[in-house]
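Structural features, examined
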Amino acid sequence: MKNYFKIAAYFVFVAGVMGISASAIFAFSGGPPDGSTGSPADSFKTCKDTGCHNSYALNSGAATFSISAPENYTLGEVVPISIFFGNSSTSKHGFELSALDANNNHVGAFSSVGDGKTQTIDGNYIKQTLAGGNQAGNASWNVNWTAPASAVQDPVTFYAAG
């Protein structure tokens, strides 16, 4: 059984690019606190609200923030997802990503690909590590999302802040 989620239409890019700067990231340089994606499950909070950045103004840099994932999934399938900052000349980058069903429940589970650039505590959120955030210029991360094992209320929406 194939389930469909609207990757391009439903990705929520909270403020497009949040807090990209050549300045050092001090508050949460090793990854934001869970609940900073701007999703309904996060009460629409982003790094602006959770204090991820305290050494410079949010949105002080420029870059293109994008996420790439397949257009559909099969129940229980491991889905590769890529997160990317392009057209960037800054030395620090960060992101947080979550997936919700139509009832705003976290669905599936995120996992790192073993390169030390991403982390998750319980699979509901995935974000950069300190090493993953210290990428100068264009920055990228590859992560896995394991689709739910049983049917959920479609569509699945990915929420991201970067």
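Residues numbered from 1 in each chain as written. Predicted model: local features only at pLDDT ≥ 70, side-chain atom pairs only at ≥ 80, totals over all residues. Heavy atoms only, no water.

1. A closer look at the sheet that holds strand β7 (residues 109–112)
Strands sit in the order β3-β5-β10-β7 across an open sheet of four strands; the sheet is antiparallel. At either end of the open sheet lies a strand with only one pairing partner, and these are β3 (64–68) and β7. Strand-to-strand, the axes of this sheet are offset by a mean angle of 25 degrees, without reference to chain direction. Strand direction decides the pairing type here: β3 and strand β5 (residues 78–86), joined by five bridges, are antiparallel. Residue pairing across strands places I67 opposite I83, the latter belonging to β5. (Pairing = 2+ DSSP bridges. Helix = DSSP H or I, 4+ residues; strand = E, 2+ residues; numbered from the N terminus. Axes fitted to C-alpha atoms, helices over the stretch in contact; angles between N-to-C directions.)

2. Topic: unusual backbone geometry
A cis amide bond links D154 to the next residue, P155, at an omega of 5 degrees. Within the secondary structure, P155 sits in the loop between β10 (139–146) and β11 (157–161). Despite not being glycine, N104 shows a phi value in the positive range, around 65 degrees. One can find N104 in the loop between β6 (96–100) and β7.

3. Some remarks on the pairing of β6
Of all five residues that make up β6, five are buried, and the element is covered over most of its length. Residues E96, S98 and L100 point to one face of β6 and L97 and A99 to the other, with burial holding for every one of them. Here β6 runs beside strand β9 (residues 125–128); their pairing, made up of three bridges, is antiparallel. If you follow E96 over to β9, its bridge partner there is K127. Of the strand pairs in this sheet, β6 and β11 are connected by five bridges, and their pairing is antiparallel. Looking at β11, one finds that A99 is bridged to F158. (Buried < 20%, exposed > 50% of the residue type's maximum accessible area, 1.4 Å probe, protein only.)

4. Here we look at the environment of I121
Positionally, I121 belongs in the loop between β8 (118–119) and β9. For I121, a relative accessible area of 73% translates into the label exposed. Along the backbone, I121 and F110 are eleven residues apart, and their C-alpha atoms lie at a distance of 9.4 Å.

5. Some words on the packing of aromatic side chains
Counting across every chain of the model gives six aromatic pairs. Between Y73 and W145, the aromatic rings sit 5.4 Å apart at their centres with planes inclined by 85 degrees, giving edge-to-face as the arrangement. Remark: W145 occurs in strand β10 and Y73 occurs in strand β4 (residues 72–74); sequence separation between them is 72 residues. A connected cluster of aromatic rings, assembled from ring pairs, spans F65, F85, F95 and W141. (Phe/Tyr/Trp six-rings, centres within 6.5 Å; stacked < 30°, edge-to-face > 60°.)

6. Quick look at the environment of G35
Checked against the element boundaries, G35 lands in the loop between β2 (12–14) and α2 (47–50). With a relative accessible area of 12%, G35 lands in the buried category. Taking the C-alpha atoms as reference, G35 lies 9.3 Å from L97; in sequence the two are 62 residues apart.

7. A few points about the confidence of the model for the chain
For the chain, per-residue confidence averages 80 on the pLDDT scale, and 73% of positions sit at 70 or higher. Helix α1 (residues 7–10) is the least confidently modelled element of the chain, averaging 34 in pLDDT, while β7 averages 98, the highest of any element. Under a pLDDT of 50 for its full length, residues 5–27 has, in the predicted model, 82 contacts with residues more than four places off or in other chains. (pLDDT = per-residue confidence, 0-100. Contact = heavy atoms within 4.5 Å.)

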